[in-house]
Amino acid sequence: MFENVSGPVLPHRPGAPRYAPIVSRAIDAFAVLLLFAAATAFGFGVHALGQRDDFKAVYLLVIGGLSLRASTELLRPRGGG
Amino acid sequence: MSDDREQRSSETDHEGALAEPLKAAPARALAPQAEGPVARLVAEIRAGDSPGQTLLATFVAWATTVAPAALSRSAARPAAFVAVVGLLAGLAGPLFRSSRPTLARHVGITAFLALTTGAWLLGSPALAPARLDPLRASVGAIAWGAFALSWRERWETGPSKPEAPRDPDAPLLQARSTLPRGAIPIATVGILAGLVYLVLAWHVRDGDRALAAQAVAVACAVAISAVAAMVAVDRGKRSSRSSRRVTPAAGKSLLMLVVFVVAGVAVVLMRR
């Protein structure tokens with residue numbers, strides 16, 4: 001009645017590293033931390049733009065962008081499952 | 001046997017009830033065309049397709065944004081004439097909307113906007129930024145939005161489909177998954193952070209810098225809101241084949257972040 005359209009479920013590859021759930025939770029927490037860091041960096045960056053501190057503004061905006069990117073890559077890696 | 005008859009009669013009644021709106025819809029569409037202009041207008045008002053919305057929006061937009069510029073003392077005399085002709089065009093267009101829609105759009109939108117632009121150009125001295133009233137400008141912006149919406153193409157709504165009968169024995173549908181813990185606070189923080197950026201950008205006084213700050217704030221607000229929503233939902237998702245792990249791409253992003261942070265700290269220390 002039900003067709004398995006996604007193919008057979010593969011067993012865990014022997015030799016591939018197994019990560020404990022606690023590591024996954026730690027990665028989740030780190031991704032949230034990076035998100036908050038990015039939010040803070042963006043806020044101070046926009047504020048620095050208003051204070052005519054262009055170097056600081058650009059630096060904080062770049063840091064915020066990289067933090068966001070890292071947070072995204074940790075939770076939703078490209079090409080990963 | 002009597003049950004069969006009752007069932008048939010109820011089916012016939014049901015079909016009749018379904019067919020009634022189908023018959024009524026074309027009749028409603030044709031009725032306004034068969035009568036005079038006044039009767040047509042009354043029929044349109046009764047049917048909810050009243051041009052009154054368009055007329056009101058046109059007049060408010062003209063009164064708040066065109067009239068003060070074209071009828072002021074500093075404006076040239078032709079400006080008032082062009083503005084009044086534009087108002088007449090804007091008010092005349094909606095009246096032909098149901099009978100001659102193409103003509104109505106040419107008069108009510110194209111001619112009205114062209115004449116309004118002409119009035120603004122002729123009365124440009126009155127449009128100096130120093131003389132603009134923020135409250136009137138806000139009302140005018142809303143009125144022009146209402147004008148655009150009032151000229152929208154109305155959708156023809158067909159007869160509503162009957163609801164499928166419910167199966168009393170069917171189990172309640174359950175959600176396939178639930179949000180991870182803390183999803184709502186994380187998404188809320190992201191949205192609030194985006195709003196804070198927009199507020200901070202309004203505090204930038206310098207003209208050129210303010211424009212850049214607005215653009216940067218909007219980009220940051222969009223980015224933080226989108227990523228916060230993604231982080232809020234994707235936490236706790238586990239792949240069917242393996243647990244979550246740090247991929248090479250994620251490692252590269254983290255390495256770049258660390259390099260920039262260290263470089264920033266080094267620059268700060270060197271400046272001291």
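None of the values given here were measured: they were computed from a predicted structure.

To continue, consider the overall build of chain A. The number of helices and strands found in chain A is 2 helices and 0 strands. Counting the 81 residues in chain A, one finds 37% classified as buried. Long-range pairs, those at least 24 residues apart, make up 52% of the contacts in chain A with a sequence separation of at least 6. By element, 64% of the accessible surface of chain A is carried by carbon and sulfur atoms, the whole surface being about 5,200 Å².

Another point: the side chain of Arg235 of chain B. Residue position: Arg235 of chain B is located in the loop between α8 (207–234) and α9 (248–271). No salt bridge is formed by the buried Arg235 of chain B. Its closest oppositely charged neighbour is Asp28 of chain A, at 5.8 Å. A polar side-chain atom of Arg235 of chain B sits 2.5 Å from the main-chain carbonyl oxygen of Arg181 of chain B.

All names here are of chain B. For the coordinates displayed, the defined rule picks out 5 aromatic pairs over all chains. Between Trp120 and Trp144, the aromatic rings sit 6.1 Å apart at their centres with planes inclined by 55°, giving tilted as the arrangement. Remark: Trp144 occurs in helix α6 (residues 134–150) and Trp120 occurs in helix α5 (residues 101–122); sequence separation between them is 24 residues. Residue Trp144 is classed as buried on the basis of its relative accessible area, which comes to 19%. Taken together, the ring pairs in this structure connect Phe112, Trp120, Trp144 and Phe147 into an aromatic cluster.

Taken over all residues, the pLDDT of chain A has a mean of 78, while the share at 70 or more is 69%. Across residues 1–12 of chain A the pLDDT falls below 50, and counting only partners more than four positions away or on other chains, this stretch makes 4 contacts in the model.

So, on to unusual backbone geometry. In this structure, Arg52 of chain A takes a positive phi of about 65° despite not being glycine. As for its position among the elements, Arg52 of chain A is in the loop between α1 (21–50) and α2 (54–75).

Okay, the interface of chain B and chain A next. Of the residues lining the interface, 43 residues belong to chain B; the matching set on chain A comes to 42 residues. Counting the surface lost from both chain B and chain A, the interface buries some 3,700 Å², and carbon and sulfur atoms represent 73% of this. Put simply, chain B and chain A have 1 salt bridge between them. In this structure, Asp54 of chain A and Arg209 of chain B form a salt bridge, with 2.4 Å as the shortest nitrogen-oxygen distance. If you look at where chain B meets chain A, you find 5 residue pairs in polar contact (both at pLDDT 80 or more). Elements represented by at least two residues in the side of chain B that touches chain A include exactly α7 (183–202), α8 and α9 of chain B. It is α8 of chain B that provides the largest number of residues to the side of chain B that touches chain A, a total of 13 residues.

So, on to α5 of chain B. Each full turn of the α-helix corresponds to 3.6 residues, which orients residues three or four apart in the same direction. Residues and elements named next belong to chain B. The end-to-end C-alpha distance of α5, which contains 22 residues, comes to 30 Å, matching closely the 32 Å that a straight helix rising 1.5 Å per residue would cover. Of all the bends in α5, the greatest measures close to 30° and is centred on Ala111. Taken as a whole, α5 has its buried residues at Ala104, Gly108, Phe112, Thr116 and Ala119. Those residues of α5 hidden inside the fold are in contact with α3 (52–70), α4 (77–92) and α6.

The rules behind these values
Residues numbered from 1 in each chain as written. Chains lettered and ligands numbered in written order. Predicted model: local features only at pLDDT ≥ 70, side-chain atom pairs only at ≥ 80, totals over all residues. Heavy atoms only, no water. Helix = DSSP H or I, 4+ residues; strand = E, 2+ residues; numbered from the N terminus. Buried < 20%, exposed > 50% of the residue type's maximum accessible area, 1.4 Å probe, protein only. Contact = heavy atoms within 4.5 Å. Areas by Shrake-Rupley, 256 points an atom, 1.4 Å probe, with all protein chains shown as cover. Lys, Arg positive; Asp, Glu negative; His and termini not counted. Salt bridge = Lys/Arg side-chain N within 4 Å of Asp/Glu carboxyl O. Polar contact = N/O pair within 3.5 Å; in protein donor to acceptor, adjacent residues only side chain to side chain. Phe/Tyr/Trp six-rings, centres within 6.5 Å; stacked < 30°, edge-to-face > 60°. pLDDT = per-residue confidence, 0-100. Buried area = accessible area lost by both parts, 1.4 Å probe. Expected span 1.5 Å × (residues − 1). Bend = angle between axes of the 7 residues up to and from the residue.

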